[in-house]
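A structural walkthrough
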Amino acid sequence: MESLLGQGRAAIGLICDPDTFEENQVGAKTFDDPDFGPGAMVGTAKLDGQTVTVIGNDAEAFNEKFPVVYAGIIGMEEAYKMAQAVYATVAADVAKAKAEKRAIVLIVDTPGNGPGKTEEIFGMNKATGAYQLALAEARMAGHPIVAMVIGRAISGAFLCHGLQADHILSLDSSFGTMIHVMPLTSISRIVKKDIEVLEKLAEGNPVFAAGPQFFHRLGGVEEIVTTIEDMHAVVAKHVAEVRACKVKDQDDALGPWGRGSLGAERGGRVVRPEVIALLETEMDAVAKTYLPGAA
Amino acid sequence: MSNWSALQNRSFLESNARDRALGLVDEGSFTEFVGPFDRRTSPHLETLGEAVEFDDGVVTGIGKIGKTPVFVISQEGRFIGGSVGEVGGAKMVGTIKAAIAFAKRIAKDFPNAEEDEKPIIAISFETGGVRLHEANAGLLAHAEVMDQVQRARGHVPVVSLIGSKVGCFGGMGFVAAATDVVVMSEFGRLGLTGPEVIEQEMGKEEFDSADRGLVYRTTGGRHKYIMGDCNFLVDPEIAAFRAQLAELAKLPRAKFAEFRRIGTSELVEKQLKGVALAAKMQPKDARDVWVHVGNSDPVELGSMPLADFRKVVKRLAL
Amino acid sequence: MALNTIEFECKSAAPAVAIGKPLHFGVVGSGDLEVLMEPKALKGAVAIKVVTPVSGFDALWQRVLATFVENSKLGDVSIEINDNNATPAVVMLRLRQALSEAAA
């Protein structure tokens, strides 16, 4: 079976214009220490001739300082390094109009965040939280962010590297791509239901089963890419689509909020918008009594 | 629910989500959003034949502390560990969104509003993150909450309150870290990977999850206060959390950025000094860090009364 | 596998107690439940709806609730319960607590 699992570095050349990736350089920022956050690859490349920032996972790297970081795991250094790359991107184009702001391409193949004691003592949650905030800020500042899942997009690691993008794409599951919180076997054990029963239920309800096709139905994946050769063109197409939305101030169609609407459109998450609408109505009904000067 | 005055002296840890929400704001001021009477239970739990709750495990609404409108999100740990699914996630997202809209409305229609008439958001976390029964929807909801936290910046401060049994872990650990202010009791715990998971993945030598002292030293309120991940360490009663919120509500809204740990390029640079320290120290125990920052007797520091702790403790300065 | 819903009505021999306003009580923890009570004109009867993952105990629910309604003399109320494996003793306790809250 053809697969890009664990081959984030090779994927850069397949997604971006070949041989254009300059690692460790984003705008004015350089990443000079080769031992700093080696599990994260950051740099600048071209996509159809346009400058883009690339952020990916290097599954072959091992972080000597933090031994829980290997195989594409995002550790503290990796997460802050990724955040730095995002802030450097924003800084590089701060004076440019929305139409000119460079895109950020996230190449996603990560099984998790650093699960260690040192990580908890110093705050792993803070490191990956920092990266998510940076991506959200860049997205709101007008940079198109497109995530391409080429391998593993697992739970909290996907939350920080992927789920803050404007659009998320995934290679088809025949390439071994995995998007989930937990595999169905583990979910089966925890919720105490037979795997066969869960598999049957998943046909009608995509909310718990593992795989890009289920996230697609929930609006969590914009488009499934069916061949490796197509990745370049599809990523470029989505960068253009996202940019067009931003230029027209249609940011509500993008990012996590846009995925909510898409989930409703595709019939995968229909309760969410109802709940949000009800909450708004209830707030509107009492808002006056909480305004300044209200008795 | 009990009467409001009685709630004040109740332990935050032992209370349920609704009592915490009611007790945090002024008596009689709370309006619940998508509450039990709206009966918005999780359709996904129903499909799986799992027990449902009318509020899906999170209490959301608006109340007041003095003149300050306080948007409250309060998670219920006793219902499936406070886990976040489609309905509960939507309630969190909707509440933050409503708070941002309300703050913008006040900024526009009441340009002369006093600082303490502008809203704040308080999130009482009690969760391990995603609800596995509806894992995909829960994960997507987490990303939406984070997105709203970023959107709130500069409009309405978000305050994390962590003092519940379950603590704040998983994807909600990211969210708490990303808020403006973190208030904890010493019984609150904040992190990403829970002790059981670390032990399971990395072995008992890395983390013995049965060692309660170790668990609290690693993610508990005292430790997080020393590390600067917690801004205020309060007493364990609801009244203490409420008093801290009331104090914060009076501050100029621009001041809240100063409490942040992450969220700017400069703060990332600062945090990296902490990571460098972690690499250098390779601490086997949080106490190693306590000593490193100048606390000579870490065992005593962990056990002394909280009031003394707050007086003598030395904190990590990055 | 879906949830089990049990609906029935009980009536006290001498209904005398009503609730003034809707009330909610409890948390659906493991072995626990929550109760919603709302005033409803039912000619003195009490309408009950229980939603529970447990099946096969419909008769027991009816007996426990009938006892509660008789003892409390409650009437003209709709009661909704979300249950998660609560024992009859816990059911009875929560119902009494809910009612005492209504009185408070």
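Everything numeric in this text was worked out from a predicted model, so none of it was measured.

What counts and how
Residues numbered from 1 in each chain as written. Chains lettered and ligands numbered in written order. Predicted model: local features only at pLDDT ≥ 70, side-chain atom pairs only at ≥ 80, totals over all residues. Heavy atoms only, no water. Core = buried A, V, L, I, M, F, W, Y, C linked by side-chain atoms within 4.5 Å. Buried < 20%, exposed > 50% of the residue type's maximum accessible area, 1.4 Å probe, protein only. Helix = DSSP H or I, 4+ residues; strand = E, 2+ residues; numbered from the N terminus. Lys, Arg positive; Asp, Glu negative; His and termini not counted. Salt bridge = Lys/Arg side-chain N within 4 Å of Asp/Glu carboxyl O. Polar contact = N/O pair within 3.5 Å; in protein donor to acceptor, adjacent residues only side chain to side chain. Contact = heavy atoms within 4.5 Å. Buried area = accessible area lost by both parts, 1.4 Å probe. Nonpolar A, V, L, I, M, F, W, Y, C, P; charged D, E, K, R; others polar. Pairing = 2+ DSSP bridges. Axes fitted to C-alpha atoms, helices over the stretch in contact; angles between N-to-C directions. Phe/Tyr/Trp six-rings, centres within 6.5 Å; stacked < 30°, edge-to-face > 60°. Lys NZ or Arg CZ within 6 Å of the ring centre and 35° of its normal.

What about the nonpolar core?
Among the nonpolar cores identified, the biggest contains 139 residues, and I55(A), L106(A), Y131(A), F158(A), F71(B), I96(B) and F309(B) are the most heavily contacted of them. Among the elements that take part in this core, helix α4 (residues 86-109) of chain B stands out by supplying eleven residues, more than any other.

Thoughts on the side chain of K81(A)
All names here are of chain A. Its place among the elements puts K81 in helix α2 (residues 76-92). We note that K81 is buried and unpaired, the nearest opposite charge coming from E23 at a distance of 5.3 Å. A distance of 3.3 Å separates the side chain of K81 from the backbone oxygen of F36, its partner in a polar contact. Those residues in contact with K81, other than ones at most four positions away along the chain, are N24, F31, F36, G37, P38, A40 and V42.

Thoughts on the pattern of salt bridges
Under the criterion given, the structure shown has 42 salt bridges over all chains. Residues D147(B) and R151(B) are paired through a salt bridge, measuring 3.1 Å at the closest nitrogen-oxygen approach. Of the two residues, D147(B) and R151(B) both sit in helix α5 (residues 135-152), four residues apart, roughly one turn of that helix. Under the relative-accessibility criterion, R151(B) is labelled partly exposed at 25%. Linking D229(B) and K224(B) is a salt bridge whose minimum nitrogen-to-oxygen distance equals 3.5 Å. Grouping residues by exposure puts D229(B) and K224(B) together as buried. One salt-bridge network, in which partners are shared between bridges, spans R9(A), E23(A) and D58(A).

Some details on the interface of chain A and chain B
Counting from both sides, the interface comprises 79 residues of chain A and, opposite them, 94 residues of chain B. On the chain A side of the interface with chain B, the three residues burying the most area are K117(A), E120(A) and Y290(A), jointly 11% of the side's total. Notably, a salt bridge pairs E50(B) with K193(A), separated by 3.4 Å at the nearest N-O pair. Our enumeration of links across chain A and chain B arrives at 30 residue pairs in polar contact (both at pLDDT 80 or more). Residue classes in the side of chain A that touches chain B are distributed as 47 nonpolar, 18 polar and 14 charged.

Topic: the sheet that holds strand β6 (residues 181-185) of chain B
Residue and element names in this part refer to chain B. What the seven strands build is an open sheet, ordered β1-β2-β3-β4-β5-β6-β7; its pairing is mixed. Lying at the two open borders of the sheet, with one neighbouring strand each, are β1 (31-33) and β7 (232-234). Averaged over all neighbouring strand pairs, the angle between strand axes comes to 25°, with direction disregarded. Where strand β4 (residues 120-124) meets strand β5 (residues 158-162), four bridges bridge the pair, whose relative direction is parallel. Residue pairing in the sheet places I121 in a bridge with V158 of β5. In this fold helix α2 (residues 17-24) packs onto β1, β2 (58-65), β3 (68-75), β4 and β5, with an angle of close to 165° to the strand it touches most, β3. Against the sheet, α4 contacts β1, β2, β3 and β4, and its axis sits at roughly 170° relative to β3.

A look at the pairing of β3(B)
Here is the key point about a regular strand: its side chains alternate between the two faces of the sheet. Residues and elements named next belong to chain B. The buried fraction of β3 is high, at eight of eight residues. Of the two faces of β3, the one holding T68, V70, V72 and S74 and the one holding P69, F71, I73 and Q75 are both buried throughout. In terms of strand pairing, β2 meets β3 through eight bridges, oriented antiparallel. Residue G63 lies in a different strand from β3, and its bridge partner there is V70. As consecutive antiparallel partners, β2 and β3 are separated by two residues, and within that stretch G66 has a phi angle of approximately 60°, a positive value. Pairing analysis gives five bridges linking β3 to β4, with the strands arranged parallel. Within the sheet, the bridge partner assigned to S74 lies in β4 and is S124.

Section: the environment of G81(B)
Residues and elements named next belong to chain B. Residue placement: G81 occurs in the loop between β3 and α4. Separated by 24 residues in sequence, G81 and G57 have C-alpha atoms that sit 8.7 Å apart. What G81 contacts, discounting residues up to four positions off in sequence, is E76, E126, T127, G128 and V166.

Overview of α2(B)
All names here are of chain B. By the criterion of burial, α2 is predominantly enclosed, with eight of the eight residues buried. Of all the positions in α2, only A17, R18, D19, R20, A21, L22, G23 and L24 are classed as buried. Among the residues of α2, the N-terminal cap falls to N16, whose side-chain oxygen and the backbone nitrogen of R18 are separated by 3.1 Å.

Examining the packing of aromatic side chains
To describe a pair of aromatic rings, you give the distance between the ring centres and the angle between the ring planes. Residue and element names in this part refer to chain B. In this structure the tally under the stated criterion is six aromatic pairs over all chains. Consider the rings of F71 and F102, whose centres lie 5.8 Å apart with planes at 65°: the pair is edge-to-face. One end of the pair, F71, is in strand β3; the other, F102, is in helix α4, with 31 residues separating them in the sequence. Neither residue differs from the other here; F71 and F102 are each classed as buried. Among the aromatic residues, ring-to-ring pairing joins F232, F256 and F259 into one connected group. Positioned over the ring face of F309 is R222, at 4.9 Å from the centre of the ring.

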